Amino acid sequence: YKVPDVFPSLSATKTRAILNLMTSKADKIIAVSESTRKDLCEIFKCPDGKMKVIYSGFDKRLFEESGVARERVLEKYSIKDRYILFLGTLEPIKNVVRLFEAYKIFRSNCKKNSTVKCDWKLVMAGKNGWLSKDFKQVAKDLGIGKDVIFTGYVIGDDLVPLFKNADFFVMPSLYEGFGTTVLEAFATGTPAIVSNVSSLPEIAGSAAMFVNPLDVDNIASAMTKIA
């Protein structure tokens, strides 16, 4: 409903039909954020009192030290340098192409600063989604193919080491109903760059650096500041 162009049309049509039916039949609706509640009420004209906000939880093990060796995890995913972490399903709603463009600008600006060793890789962690097969080619076309590491799906035990060893986390999504990975970054003490849209300002509060997800230069600038 909010960003229809980044979903396959058939899937979007099915989802709209199901959501219309569910919201009309349900006695109560739980929304995972105030942002989601407002969007649902705007779209479906929900009557007062029908919807309640209950925030999502997440795996509390992320507050604990992982028993998985850092070296083993980095070796598993062929990570040898400092890195910036993205975690999520690889699909257009996650704004992957603009992230690549921003990373290219970040690398270029970094190399102009002779006082900084510019060796950050961009680690794209997560399972493949719609159009994900195109992203590797996009990285190659932008000339950053050797600097972007695609891990594929990451098992739970590997998450904490991946977060803890990242210099920072970046999540430039076009829309998020909640944004669990932001909490995971916070729980592991990893600085975060996130979009200033939908639920993310609500969930991240004052603890993240916010960017306009449509502004590649803004994302690149934030990456430079955090680095």
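Residues numbered from 1 in each chain as written. Predicted model: local features only at pLDDT ≥ 70, side-chain atom pairs only at ≥ 80, totals over all residues. Heavy atoms only, no water.

1. Here's the deal with the nonpolar core
Most often, soluble globular proteins have nonpolar side chains that are buried together. Core analysis: the biggest nonpolar cluster contains 28 residues, and Ile84, Phe100, Tyr103, Leu122, Met124, Val148 and Met223 have the highest contact counts within it. When contributions to this core are tallied by element, the ones reaching two or more residues are strand E3 (83-87), helix H4 (96-112), strand E4 (121-125), helix H5 (135-141), strand E6 (168-171) and helix H9 (216-226). Take this core: its biggest share by element is seven residues, from H4. Excluding anything up to four places from it in sequence, Leu122 contacts Ile84, Leu99, Phe100, Tyr103, Asp147, Val148 and Ile149. (Core = buried A, V, L, I, M, F, W, Y, C linked by side-chain atoms within 4.5 Å. Buried < 20%, exposed > 50% of the residue type's maximum accessible area, 1.4 Å probe, protein only. Helix = DSSP H or I, 4+ residues; strand = E, 2+ residues; numbered from the N terminus. Contact = heavy atoms within 4.5 Å.)

2. Points about unusual backbone geometry
Among all residues except glycine, the phi angle is most often negative; among peptide bonds, the trans geometry is most common. Positive phi values are uncommon outside glycine, yet Asn95 reaches one of about 65°. Residue Asn95 is classed as buried on the basis of its relative accessible area, which comes to 4%. For Leu131, which is not glycine, the phi torsion reads 70° and is therefore positive.

3. What about the side chain of Thr190?
As for its position among the elements, Thr190 is in the loop between helix H7 (180-187) and strand E7 (192-195). Exposure remark for Thr190: the relative accessible area of 4% places this residue in the buried category. Separated by 2.9 Å, the side chain of Thr190 and the backbone oxygen of Phe163 make a polar contact. Non-local contacts of Thr190, meaning those with residues more than four positions away in its chain, are made with Phe163, Lys164, Ala166, Phe168, Phe169 and Ala185. (Polar contact = N/O pair within 3.5 Å; in protein donor to acceptor, adjacent residues only side chain to side chain.)

4. Looking at the packing of aromatic side chains
Counting across every chain of the model gives six aromatic pairs. When the ring of Tyr55 is compared with that of Phe178, the centres are 6.2 Å apart and the planes differ by 50°; the resulting orientation is tilted. Taken together, the residues Tyr55 in the loop between strand E2 (51-53) and helix H3 (70-76) and Phe178 in the loop between E6 and H7 connect sequence positions 123 residues apart. On the accessibility criterion, Tyr55 (47% relative accessible area) is partly exposed. Note on Phe178: relative accessible area 7%, which makes it buried. A connected cluster of aromatic rings, assembled from ring pairs, spans Tyr103, Phe106 and Trp120. (Phe/Tyr/Trp six-rings, centres within 6.5 Å; stacked < 30°, edge-to-face > 60°.)

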